[in-house]
Amino acid sequence: GENVEQHPSTLSVQEGDSAVIKCTYSDSASNYFPWYKQELGKRPQLIIDIRSNVGEKKDQRIAVTLNKTAKHFSLHITETQPEDSAVYFCAAVSGNTPLVFGKGTRLSVIA
Amino acid sequence: DTGVSQDPRHKITKRGQNVTFRCDPISEHNRLYWYRQTLGQGPEFLTYFQNEAQLEKSRLLSDRFSAERPKGSFSTLEIQRTEQGDSAMYLCASSLVSGRAADTQYFGPGTRLTVL
């Protein structure tokens, strides 16, 4: 089955700097890669996703890139703000199978 | 609020007791998932339904766990004879599946279970 690894597990950046979180997956059939943000005590919220037919997707300060050959995808947050502090999870799925999540990255944005 | 809702939000129980959680998905969504999340980990898949049919169960779902979605709308997750290792956040997610494309899942707020 699918296995998703996520790095780093913790990340601290200064406000205004960029943050990058990387994930690798094992199943070459995976074709959908969402990213979720989870604040303490709250539900995971979808912030961006990408499908395997594109290499990059951007939404304001957030972007995701996908390298199918290398089987890795990354989340990029530019101009970080204190409210970006949260745990971020990547996930991968093939077709109509359940999501497989990484273990999460705790991002701290220091004002 | 038209998002996914879960009830209760918190449950404290004694070991050996049975507990039941409810999930109400987004109204037009045909797929409903249950996940379990422990501290410092990502959500782990337990089971999912398409309409009223339970299509897959994880090996994490022991025989003490049972889930239903009788009318293809809300779902219940029951844990019998709870153990301390069952303490976790139980998350529900729903999605609208159309064709063969992978579905975007929207999560509920979760039910935090503490087994004493």
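These figures come from a predicted structure and were not determined experimentally. (Residues numbered from 1 in each chain as written. Chains lettered and ligands numbered in written order. Predicted model: local features only at pLDDT ≥ 70, side-chain atom pairs only at ≥ 80, totals over all residues. Heavy atoms only, no water.)

(A) Expanded view of the environment of R69 of chain B. Residue and element names in this part refer to chain B. Checked against the element boundaries, R69 lands in the loop between β7 (65–68) and β8 (75–79). Here R69 falls in the buried class, since its relative accessible area comes to 2%. Along the backbone, R69 and Y48 are 21 residues apart, and their C-alpha atoms lie at a distance of 9.5 Å. Once residues lying within four places of it in the same chain are set aside, the contact partners of R69 are P25, H29, N30, R31, L32, F49, Q50, N51, E52, F74 and S75. Looking at R69, its side chain comes within polar contact range of the main-chain oxygen of H29, at 3.3 Å. A polar contact of 3.1 Å, which involves the side chain of R69, links it to the backbone oxygen of N51. (Helix = DSSP H or I, 4+ residues; strand = E, 2+ residues; numbered from the N terminus. Buried < 20%, exposed > 50% of the residue type's maximum accessible area, 1.4 Å probe, protein only. Contact = heavy atoms within 4.5 Å. Polar contact = N/O pair within 3.5 Å; in protein donor to acceptor, adjacent residues only side chain to side chain.)

(B) Expanded view of the nonpolar core. In this structure, W35, F73, L75 and L107 of chain A are the most contacted members of the largest nonpolar core, which totals 23 residues. Going through the elements one at a time, β2 (10–14), β3 (19–25), β4 (32–38), β5 (45–51), β7 (62–67), β8 (72–77), β9 (86–92) and β11 (105–110) of chain A are the ones with two or more residues in this core. Sequence-distant contacts of L107 of chain A, that is, excluding residues within four places in its chain, are made with L11, V13, A19, I77, D84, S85, A86 and Y88 of chain A. F21, L61, A67 and I79 of chain B belong to the second-largest nonpolar core, a separate cluster that totals 19 residues. (Core = buried A, V, L, I, M, F, W, Y, C linked by side-chain atoms within 4.5 Å.)

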